[in-house]
Each structure stands twice: as structure tokens, then as C-alpha cells.
Amino acid sequence: MSALRRRIRAANGEGRAALVAYLPVGYPSAPGSVAAMVASVEAGADVVEIGVPYSDPGMDGPVIQQAVDVAVRAGIGMRDVLTAVEAVAEAGAVPVVMSYWNPIERYGVDRFAADLAAAGGAGAITPDLIPDEAGPWLAASDAHDLDRVFLVAPSSTDARLRSTAAACRGFVYAASTMGVTGTRATVSDAAERLVARTRAAARDVPVCVGLGVSNADQAAEVAGFADGVIVGSAFVRALLDAGDERAGADAAGRLAGELAEGVRRRARVAP
Amino acid sequence: MTSSAVQPPVDRLVPTRPGWPDATGHFGVFGGRFVPEALVAALDELTEAYEVMRADPAFVEEFDRLQRDYTGRPSPITEVPRFAEHAGGARILLKREDLNHTGSHKINNVLGQALLTRRIGKTRVIAETGAGQHGVATATAAALMGLSCTVYMGEEDTRRQALNVARMRLLGAEVIPVTTGSRTLKDAINEAFRDWVTNVETTNYVFGTVAGPHPFPAMVRDFQRVIGDEARQQVLERVGRLPDAVLACVGGGSNAIGIFTAFVPDEEVRLIGLEAGGDGLDTGRHAATITGGSPGVLHGARSYLLQDENGQTIESHSISAGLDYPGVGPEHSYLHDIGRAEYRPVTDAEAMEAFALLCRTEGIIPAIESAHALAGALTVGRELGGRGGDPAVLLVNLSGRGDKDVETASAWFGLGDRDHSAPGAGLDEHQRATEGAVTRGEAVPGPAAGQQA
């Protein structure tokens, strides 16, 4: 049974959406990023997306680029990521790794799956890997009983929504807008349509929404139609604006607390 | 309208393609699509529209007409005997893509993709550019076809290639300097992809080389193969036989694929790609992706790339902005792995020596990119020797002209009025053509010319 799905459904059972917090490993430092992840968990994040730094993050906007650039230059690698996975599991949230494909391929797909499972990770989100190219990852994640999360987008055809959702385990990541990561003033109404279309295609797999959610009000709005709310750039922004590592972890915790209130604010429409 | 009397397109409708890539864009284990899901619909649309377009007689006729009347095709081949005196007795023929409108081979691809843009009803094009040649070509085609145009260019490259920035702006394009990462071509591609995923409803990405996700490597190859299709015929007519080797510089690799493709079935013809060796492979400061890299995924495809143990892309280094790229097209990786093509590094110093030599012996100022291929021809010619009465025949793709590189060359050779630094490799002080200054160990390295210009 998928650890991600179990946790998201448990939140849904409380009449709310799950809160998924993204934080990249290695910003402001490896321990600093782990401290921010743990603070987010303690303040109410159900799932932590543990970001693997990558030199060419084509789906990310300037905020996340700025942070991962520091981590890349510091030489942060998969071993640091696995340390963060263990810390998040220890803190009581479900850890899921978020990685562009090349760092995983370079580490070795089977080795990655084995080490991730051993560290207590639930699985991985792969923003630039579509199921069509994912043969080795599908096999490795099956072999190690890991979740695998692929993305769907407003431009996805119904046929692709079906095939992508069928390849997903844990949840389906609905990229709410056409664009890169970053905070936005409003949540696109495309998000709600995409979630409805994905639900129709996915049936039983939870659908979480990412891209553009940054505050409690937006979280509450998305919680009204999605199974989980993913927040990334707003957490990274909080770290970038903080004076030091301690202040960064505190800021991440405060934001997680506000968002956790947001995902509980509005009565959730039963799926 | 007599001017439209193009050659009958009957035998050209669907040119014979190599047996690769497969239907999903794989060249063996290379290629494919490693992209965010949001781009898949656009890539599918491009693939389908392109497959219909390439078999459409109206397209073939319009493309031929533009190539003839606008680009100035066919480009000639020029034998360069004075240059070849330094190549061990080999005969050297240059395929003159530098004589195309806009000054390089890039226009071949851009006209095709601009026609495709119009066909799928999009009104805006974006492009990445390194040396600026693809950006200039895209801005040119956009002006010609009434499309709005934005070009992403690494900030470092906007300084190295200021002339081309001005050209693009004159042509009505918006040029956006990219300040992320290494501020070169790789980062310009990242920014162009971010623009595309955001504006894909109105915007087509006119990709400049045979890299990127399917269908770009195959489509750009199809548009560039005219180089080799023409050259193969021209060499047969001029020399009476096929060349012994075909040489081209390889950054992303579009001019090389363009001239190689027609010769791929001719197994006796060696295909040699010259990569940018920068300061030398052993220094780590180079852009020799195949000779100095390993397979991985970058910019939407699996291919060789320069990467560290964490899978991070390593910044490349080359005096040539157009070759300063840590990736390479997947078809080159495939041709390398199946042994059909060979790839060799050429250092900055070797390229600049060949650059100066062609200027002095033949009155042709090549692009520094193309000078890497010229340097390769000097070496291969010496390896093959004169072979008595039957000299080796080398066909070199002169992919672009060097106007854009005059500042870089001036700094390298110390030609500026106020520049009293020692001249770099390849230019002797007695104003004669030089040979072998580098290999004899007499040359001093150029004064970091790429960075200064």
C-alpha cells in the first residue's frame, strides 16, 4: 500500500486536503535545509517533497533556481538527499524525493530505488520524466515498492491523463498552470478543471495541485477541490528572505502552520 | 511567373532518411523526450504537423524557392590549394555555408521551422542562441514572415558577440540576456524552454540545433541535410569521386549532421566531427562532449554530456561561443557509438591557427566555430599524406563566416591599436601564413581572447 496515498487519504478522511511542502536539499546548507523540513513537519506538513538540486531546472522559476544554484555549487548530492529523507521520516511526515531525471540516472536507477527505500522514502516525483521514457524507473520502483508521481498539465489530452495516471502510484501531480514554479497572485481556474479531468481519468489515485500556491487563502481555495496542496516557491522564498538558518527554519515552520490552517479552513467537497 | 520554375519536386518529396530515429525519436539508446508533461502536447503537434508538411508539394516548392531566392542556395564548394599546402598534400574543398544569407548554415533550418510555425497558426517564435548565428537567422525569418520574435542569449555571449545582438535588434527581435547559471548557451536553452512552457499556445520554439526533445533532432537534420545533399553531388562533379573524409565542427551538431547525412550510406567516406577542446581536454576547460563526456539527460534528450558525479551539468569552455555547449545532439552520440562517425577535440589555439591560416592563404575569414573543422582537416590531411598521385580529398563544412568574430580574433592575435599584448597562436609577426606554431610549441596562448572580446 502506497505510503503517500495512505497519508493523503487520512487527511481527506479528516475533511481536509493534505499539505505537501517542497524544500530543496542544500539551501541554505544541507543541515539548514533539513532543519527547515523538520520545522515544516512539526507545524503541520503531511508530506515533504525533498528537492534534489540540479544545475538545469527547466521547470523552475527564479526563486527555486536561486536556491538550488547555491546547493549545486556546494556539491550537494544524493547522499545528502537520503539524509534528509531519513530526517523527514523521523519527524513523522512522508518523505518523497523530487528530482529531475539526470541526477537519478547518474546515481543509478536501481541503486537510487534501493537506497531511497532503505532510507524510508515513499518514492519520487520526476518533473521531466514522462511515463513514455520511464521503463527503468517503473521497474525499479515496482521492485522496491516505491511510489512514483508523474505530472499532468492543462495541455494534457484525455488519453495522456489516463495513461499518466495509470503509471502513477501515490498521487498524481496536477501542474495547475502552464508555466514554471513560482508564487502567483491568483490560483488559475484551470487548476480546478484539470483536477476534475484527472479524477475522471485516475479514479482512485489522489490528485494534488502544485504551481502557484503561496498562502493560506490560496491553500484553502485549492483544498476545496484537490486531495492535496503542494507549496514550493513560497517556502524557498521564506528561506531566501531569512537572515540565518535558524530564522529560515522558523519562517518555514510559520508558513507551514498558516498553510496547515488553510487546508483545514474550508469544508472539503467529498470526492 | 517564370521565377518560380523550381526543379520538379517529384524525386525530393520525401528524401531518403537514415533508418533512425524510431517513431518516438530514439537513436538507439539516445534521444527521446525528457520534458515536462506540459510540453508534450506541443511536441506532438509539431511532430504531426511536420510529418504532414514535409510530404506536402506546396511546402517543398516554397522551401526550395526560399532557399534559392532568399538564402542563395546552392552554396558553392571552393577548393583551397594554398591552405591545403599545410595539410600534408591532401586536397581540401570547402562547402561554403558562410555565403548563405545571414552568414551561416543556420538559415536552412530556420526557414523550415518558420514555415512550420505559420502552418500551425502560431504568431510568435522564440529561439536560443550561442554565437548569435541562430538568433540572427531566426530574427531574419521572423521579419520575413511577419512573426514576433524573442531570442534568449547568455549574458556572457551577448558580450562576446555584440555585433550579432545588434543585428537581431535591427531585425526587430527582442534579445533577452540570460543571467542564470553559466550565462551561456545552455542557460539560454533553459530560459527558452521556460518561456515556451508558459506561452505555448501562441509560441513556437525554433530550436537551433539537432539536440532537444523529439522531433527537433530529426526535423533539424532534415532541414540541414541540404548541405550534404548538395556537396556530395558537387564533389562528384568536381573530383569525380567521393571524398575520403567529411569534416565539420560539432557543438550541438547541426552543421555536422547537415553535411554528414548524405554520406552516411557511403561507408568508405570517413565522417569526422571536431569538438571544441578549449584549453585542452586534460585541463577540464573544454566543450568536447563526446570525447570528454558521458551519456546522460540534458535539455530533453539522452545524449553525451559534460557532467559531474552528481549528474550536474559541467560548464563548458571554448573560444567559440557557438561550440560552447556541454551537450550534443543524440544522433552524434549514436553515430559515435555505432562507429560510423569519429569525434576529435580541437583546442582554441589549434582552431585560431587554422583561422588565421585560411584568412592569409585564401582570403576567407571563417567563423571560429568552422575554424575547428579547418584545424581538423590540417591534422587529418597530414595523417593521410599526399598518397603520391592520388591525394586524399577532404570536404570541410565552412559553416559560417567570421565577421562576428573579428573582435575575438583581434584580442587573440593582439591586432587592436591599443592592445600591446603578445600575439596568440597562429599569427606570425612577419605577416606570413603560419603553420605548426602550436605543434612546435612556439606559440604563446592567446590573451584570454574569448573573455576579453
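Residues numbered from 1 in each chain as written. Chains lettered and ligands numbered in written order. Predicted model: local features only at pLDDT ≥ 70, side-chain atom pairs only at ≥ 80, totals over all residues. Heavy atoms only, no water.

> Help me out: how do you make sense of the pairing of strand β2 (residues 47-51) of chain A in this one?
Along a regular strand, successive side chains alternate from one face of the sheet to the other. Residues and elements named next belong to chain A. Burial of β2 is extensive: 5 of the 5 residues sit out of reach of the surface. Pairing between strand β1 (residues 18-24) and β2: 5 bridges, direction parallel. Counted as the bridge partner of Ala21 is Val48 from β2. For the crossover that starts at β1, traverses helix α2 (residues 30-42) and ends in the parallel β2, the hand is right-handed. Examined bridge by bridge, β2 and strand β3 (residues 94-98) share 5 bridges and lie parallel to one another. Residue pairing for β3: Glu49 is matched across the bridge by Val96. (Buried < 20%, exposed > 50% of the residue type's maximum accessible area, 1.4 Å probe, protein only. Helix = DSSP H or I, 4+ residues; strand = E, 2+ residues; numbered from the N terminus. Pairing = 2+ DSSP bridges. Right-handed = clockwise from strand over helix to strand, strands pointing away.)

> Mind showing me how you'd approach the interface of chain A and chain B here?
Many structure descriptions define interface size as the accessible area lost when the parts assemble. Contact residues are listed per partner, giving 35 residues for chain A and 34 residues for chain B. In this assembly, chain A packs against chain B so that about 2700 Å² is buried in total across both faces, 44% of it on carbon and sulfur atoms. Area buried by chain A at its contact with chain B is led by A:Asp56, A:Arg106 and A:Glu133, which between them contribute 22% of it. In this assembly, chain A and chain B are joined by 3 salt bridges. Here B:Arg302 ties to A:Glu105 by a salt bridge, and the two come within 2.5 Å at their closest N and O atoms. (Contact = heavy atoms within 4.5 Å. Buried area = accessible area lost by both parts, 1.4 Å probe. Salt bridge = Lys/Arg side-chain N within 4 Å of Asp/Glu carboxyl O.)

> Got a minute to help me understand the packing of helix α4 (residues 78-91) of chain A against helix α6 (residues 109-119) of chain A in this structure?
Between two packed helices, both the angle of their axes relative to each other and the distance between the axes serve to describe the pair. All names here are of chain A. Two elements in contact, α4 and α6, have axes separated by 9 Å at closest approach and are oriented at 30°. For the element pair α4 / α6, the angle class is roughly parallel. Seen along the crossing, α4 lies across α6 with a hand that is right-handed. Here Met78, Leu82, Val85 and Glu86 of α4 lie close against α6, whose contacting residues are Phe112, Asp115, Leu116 and Ala119. Tallied by class, residues from the contact of α4 with α6 come to 6 nonpolar, no polar and 2 charged. (Axes fitted to C-alpha atoms, helices over the stretch in contact; angles between N-to-C directions. Parallel < 35°, antiparallel > 145°, perpendicular 65-115°, else oblique. Left-handed = near helix turned anticlockwise from the far one by under 90°. Nonpolar A, V, L, I, M, F, W, Y, C, P; charged D, E, K, R; others polar.)

> What am I meant to see in empty space enclosed by the protein here?
To locate leftover empty space, one rolls a probe as large as a water molecule over the atoms. Residue and element names in this part refer to chain B. For the coordinates displayed, the defined rule picks out 6 cavities of 30 Å³ or more. A volume near 320 Å³ is recorded for the largest cavity. In terms of lining residues, the largest cavity is bounded by 28 residues, among which His105, Lys106, Gly322, Leu323 and Glu369 are the most central. Listing elements by their share of the lining of the largest cavity, those giving two or more residues are β5 (124-129), α5 (133-145), α8 (185-199) and α11 (254-260). (1 Å grid on protein atoms, 1.4 Å probe; cavity = no way out; pocket = protein on both sides within 12 Å on 5 of 7 lines; lining within 4 Å. Points joined across faces, edges and corners; volume = space filled by probe spheres on them.)

> Which parts of the structure should I look at to understand the side chain of A:Asp60?
You can see A:Asp60 is positioned in the loop between β2 and α3 (62-73). Lacking a salt bridge, the buried A:Asp60 has B:Arg194 as its closest oppositely charged neighbour, with an N-O distance of 6.7 Å. A:Asp60 has contacts with A:Gln65, A:Tyr100, A:Val180, A:Thr181 and B:Arg194, leaving out every residue within four places of it along the chain. (Lys, Arg positive; Asp, Glu negative; His and termini not counted.)

> Help me understand the sheet that holds β2(A) in this model?
Hydrogen bonds between backbone groups are what pair the strands of a sheet, and the pairing can be parallel or antiparallel. Residues and elements named next belong to chain A. On the basis of which strands lie adjacent, the open sheet formed by 9 strands has the order β5-β4-β3-β2-β1-β9-β8-β7-β6 and parallel pairing. Edge positions in the sheet fall to β5 (147-149) and β6 (151-152), since each of these pairs with one other strand and no more. Here strand β7 (residues 172-175) pairs with strand β8 (residues 207-210) via 4 bridges, running parallel. Looking at the pairing, Tyr173 lines up with Cys208 of β8. Lying on the sheet, α2 is in contact with β1 and β2; it crosses β1 at an angle near 170°.

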